[in-house]
Each structure stands twice: as structure tokens, then as C-alpha cells.
Amino acid sequence: MHLHVVRPDDWESHRDVRLEMLQDAPDSFWYTYADEAVYDEADWRERIEGAWLVQARDAEGVVGSAGLGSHWEPSRARTATLFGLYVAPRARGRGVGEALVRAVLEEARHLGKAQVILEVGSHNGPAIALYERCGFVRTGATSAHPRRQDVHELEMAHPL
């Protein structure tokens, strides 16, 4: 397995893994497959240009993905957000998730960020455990899930 920083010319592999994640784990992401399946090439390229994205790849193709975004609010200029972490079912249990999280944290450090935050669904025990293994701690902040009233989003933070 190796990590690959996504560029606009990678729009097809990014599209494919993004649509896969939205179908495989629909309650783990804010947007739905229906929201994003209608995007065209220009939309995908624009989304790639607006964030730092990394893919985990093996001999069979893309097996995972994660993103890092910066906050536009001046009060949170030194905070970055880990988003869109996904590991394909065929690659789970192989350290792919930890490698993607480490890559995001490394990029955030490179950008001079002081912390990385994320939101994870309260129903997603494996993801919560992964983030805790990688050094994230719960902040106590929560927000509503976009589609499910029985799930809330837990904020976690990792100081850099």
C-alpha cells in the first residue's frame, strides 16, 4: 500500500472512491450518494482543488481516502479538519485508516496548524476507536446528524 496526494487529474479515482464510500457507509458522511452522483468532471476537479486529499492505493487500486480542510474563520485559522476518512471493506484491518490519519496530521503540521478536529457519528464505534488510537480525544461538543435523529456527531481533537 502507498499513499497518493490527489490532484485534479485524479478526479475519476476520487469520484469513484467518494461514491463508493457514500454507498457503503451512508450514515458516516454529511452528503449522500444522490447529492454527489450528479457531479460532472468540472465539479469533481473543483472539489479536489478546494482541499488536501490523500488516497491509499494498493495493486488493485484505491482502498481508502481522507481529506484535510482549513477553517476560514480568523479565530480558527490554526485549526484544520480531518474529513471524509474511508477505508474500503477489502482493506479494513490492514492499517490503512491509521496511515491516512497520520498523513493528514503530518500535512496539518506542515501547514502550521495547532490542532486537527473531526466529527464522527456516535454510532460508528470502529471509527471512534481508530481516532482514539491515533491520539484524538473527545472535546465534549456534539451536533445533530444530518439525517438521523438517533445519531449525533461527536467532535474529537488532536493537538499538534
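Structural data are supplied above this passage.
This report concerns the structure included in the present document. (Residues numbered from 1 in each chain as written. Predicted model: local features only at pLDDT ≥ 70, side-chain atom pairs only at ≥ 80, totals over all residues. Heavy atoms only, no water.)

Looking at the pairing of strand 7 (residues 152-159)
Of all eight residues in strand 7, six are buried; the element is thus mostly enclosed. As paired strands, strand 5 (residues 115-121) and strand 7 are joined by seven bridges and run antiparallel to one another. By the bridge assignment for strand 7, L118 is matched with M156. As paired strands, strand 6 (residues 137-144) and strand 7 are joined by five bridges and run antiparallel to one another. Counterpart to V137 in the pairing with strand 7 is A157. (Buried < 20%, exposed > 50% of the residue type's maximum accessible area, 1.4 Å probe, protein only. Helix = DSSP H or I, 4+ residues; strand = E, 2+ residues; numbered from the N terminus. Pairing = 2+ DSSP bridges.)

A short note on the nonpolar core
With 29 residues, the main nonpolar core has L82, L85, L100, V101, V120, Y131 and F136 as its most contacted residues. Elements that contribute at least two residues to this core include exactly strand 2 (52-58), strand 3 (61-70), strand 4 (79-87), helix 4 (96-110), strand 5, helix 5 (125-133) and strand 7. Per element, the largest residue contribution to this core is seven residues, and it comes from helix 4. If near-sequence neighbours (up to four positions away) are discounted, L100 is found in contact with L3, V54, Q55, A56, G64, S65, A66, L85, Y86 and V87. Core analysis: the second largest hydrophobic core is formed by eight residues, V17, L22, A25 and V62 among them. (Core = buried A, V, L, I, M, F, W, Y, C linked by side-chain atoms within 4.5 Å. Contact = heavy atoms within 4.5 Å.)

Points about the packing of helix 1 (residues 11-24) against helix 3 (residues 41-49)
At a closest axis distance of 9 Å, the pairing of helix 1 and helix 3 adopts a crossing angle of 90 degrees. By the criterion of interaxial angle, the relationship of helix 1 to helix 3 is roughly perpendicular. Facing W11, H14, R15, R18 and L19 of helix 1, the residues of helix 3 in contact are E41, W44, R45, R47 and I48. The class makeup of the residues in the contact of helix 1 with helix 3 is four nonpolar, one polar and five charged. (Axes fitted to C-alpha atoms, helices over the stretch in contact; angles between N-to-C directions. Parallel < 35°, antiparallel > 145°, perpendicular 65-115°, else oblique. Nonpolar A, V, L, I, M, F, W, Y, C, P; charged D, E, K, R; others polar.)

Description of the pattern of salt bridges
In a structure, side chains of opposite charge can pair up when their charged atoms sit close to one another. Here the structure, examined in full by the defined rule, presents 13 salt bridges. Residue R15 pairs with D16 through a salt bridge whose shortest N-O separation is 3.0 Å. Overall, the relative accessible area of 23% leaves R15 in the partly exposed class. Its relative accessible area of 43% is what places D16 among the partly exposed residues. For D58, the salt bridge identified is with R94, shortest N-O distance 3.2 Å. Of the two residues, D58 sits in strand 2 while R94 sits in the loop between strand 4 and helix 4, which places them 36 residues apart along the sequence. One continuous salt-bridge network, built from bridges that share partners, spans D9, E41 and R45. (Salt bridge = Lys/Arg side-chain N within 4 Å of Asp/Glu carboxyl O.)

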